[in-house]
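Working through the structure, step by step
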Amino acid sequence: MQMQKALMFNRQLWTIFLSAAESNENPQSLEIRQNIANLAAFVMKQTIEMQLDPDPGKLKSLIDINCHIAAGLAGRA
């Protein structure tokens, strides 16, 4: 149950990232916005797969992506 909640939260978070990347008001370059959109698509796909067939061993890629994004946003990249 906890993993399902975490996956839903992660999906909501990446929906926000995707929405921001697609916004015409986003000041980032098209390349950066496209990279975020591609990551969001990957995260959404992985999240759906995990919701259908939970396997904690498959969480590493999602955790790694989130940690790298968090570090970049915090200026520690």
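Described below are features of the structure shown in this document.

Thresholds applied
Residues numbered from 1 in each chain as written. Predicted model: local features only at pLDDT ≥ 70, side-chain atom pairs only at ≥ 80, totals over all residues. Heavy atoms only, no water. Salt bridge = Lys/Arg side-chain N within 4 Å of Asp/Glu carboxyl O. Helix = DSSP H or I, 4+ residues; strand = E, 2+ residues; numbered from the N terminus. Buried < 20%, exposed > 50% of the residue type's maximum accessible area, 1.4 Å probe, protein only. Core = buried A, V, L, I, M, F, W, Y, C linked by side-chain atoms within 4.5 Å. Contact = heavy atoms within 4.5 Å.

So, about the pattern of salt bridges. Overall, the coordinates contain two salt bridges when judged by the stated rule. Of the charged contacts in the structure, one is a salt bridge between E49 and K45, with a shortest N-O distance of 3.0 Å. Placement of the pair is E49 and K45 together in helix α2 (residues 30–52), with a separation of four residues, close to one helical turn. Judged by its relative accessible area of 49%, K45 falls in the partly exposed class. A salt bridge links D64 to K60; the shortest N-O distance between them is 2.8 Å. Note that D64 and K60 are positioned in helix α3 (residues 59–73) at a spacing of four residues, about one turn of the helix.

With nine residues, the main nonpolar core is built from L7, W14, A40, V43, M44, M50, L62, I65 and I69. Of all the elements in the fold, those that place two or more residues in this core are α1 (2–22), α2 and α3. Counting residues per element, this core draws most heavily on α2, which supplies four residues. Ignoring anything within four residues of it in the chain, the contact list for W14 reads I36, L39, A40, V43, M44, I65, N66 and I69.

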